[in-house]
Amino acid sequence: MATPEETINVCIQMLQHISEDNTIPRNIRRVADETKSLLMNDQKSIGLRAAEAISTIDEVSNDPNMPVHARTRIWELVSQLETVPLD
């Protein structure tokens, strides 16, 4: 099983792929960039960063303009972040 730090790094890479995918609407790519910045903020605990990222990315997961492949990536990302302990 991956450590929380490894999980966060994998999620950052996933968000990078989403933000670079031109088939995904701009507003969703912008939220992916914001979420990536949240995850990279070393000033907060790793659990808090994961929780904030889930909250931020969850807001756009129901966007009707999101392509199916992007929605699947978002759900996978949230699943990964949910494995990070909050303590």
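These numbers were taken from a predicted model, which means no experiment stands behind them.

Analysis parameters
- Residues numbered from 1 in each chain as written.
- Predicted model: local features only at pLDDT ≥ 70, side-chain atom pairs only at ≥ 80, totals over all residues.
- Heavy atoms only, no water.
- Core = buried A, V, L, I, M, F, W, Y, C linked by side-chain atoms within 4.5 Å.
- Buried < 20%, exposed > 50% of the residue type's maximum accessible area, 1.4 Å probe, protein only.
- Contact = heavy atoms within 4.5 Å.
- Salt bridge = Lys/Arg side-chain N within 4 Å of Asp/Glu carboxyl O.
- Helix = DSSP H or I, 4+ residues; strand = E, 2+ residues; numbered from the N terminus.
- Polar contact = N/O pair within 3.5 Å; in protein donor to acceptor, adjacent residues only side chain to side chain.
- Axes fitted to C-alpha atoms, helices over the stretch in contact; angles between N-to-C directions.
- Parallel < 35°, antiparallel > 145°, perpendicular 65-115°, else oblique.
- Left-handed = near helix turned anticlockwise from the far one by under 90°.
- Nonpolar A, V, L, I, M, F, W, Y, C, P; charged D, E, K, R; others polar.
- Expected span 1.5 Å × (residues − 1).
- Arc of directions from axis to C-beta.

1. Details of the nonpolar core
Core analysis: the biggest nonpolar cluster contains 24 residues, and I8, L39, I57, L77 and L81 have the highest contact counts within it. Residues in contact with L39, not counting those within four places in the same chain, are I8, C11, I12, L15, R49, A50, A53 and L81.

2. What to know about the pattern of salt bridges
Counting across every chain of the model gives four salt bridges. Note that D42 and R49 form a salt bridge whose closest N and O atoms lie 3.5 Å from each other.

3. Digging into the side chain of S61
Tracing the backbone shows S61 in the loop between helix 3 (46-60) and helix 4 (68-81). Residue S61 is classed as buried on the basis of its relative accessible area, which comes to 3%. In this structure the side chain of S61 is engaged in a polar contact, spanning 2.8 Å, whose partner is the backbone oxygen of D58. Contacts of S61, omitting those with residues within four sequence positions, involve M66, R71, I74 and W75.

4. Focus: the packing of helix 1 (residues 4-20) against helix 4
Interaxial distance between helix 1 and helix 4 falls to 10 Å at its minimum, and their mutual angle equals 165°. Viewed along their axes, helix 1 and helix 4 adopt a mutual orientation that is roughly antiparallel. The interaxial crossing formed by helix 1 with helix 4 has left-handed handedness. In contact with T7, I8, C11, M14, L15, H17 and I18 of helix 1, helix 4 contributes R73, I74, E76, L77, Q80 and L81. Here the residues of the contact of helix 1 with helix 4 sort into eight nonpolar, three polar and two charged.

5. Considering helix 1
Along its 17 residues, helix 1 runs 24 Å from first to last C-alpha, staying within 8% of the 24 Å computed at 1.5 Å per residue. Every buried residue belonging to helix 1 is among T7, I8, C11, I12, M14, L15, I18 and S19, and all of these are buried. Viewed end-on, helix 1 has its buried residues packed into an arc of 165°, placing them on one side of the element. Seen from the open side of helix 1, the exposed residues pointing more than 90 degrees away from its buried face are Q13 and H17. In this structure, the buried side of helix 1 is in contact with helix 2 (26-40), helix 3 and helix 4.

From the geometry alone we can't say anything about function, so treat these as descriptive.
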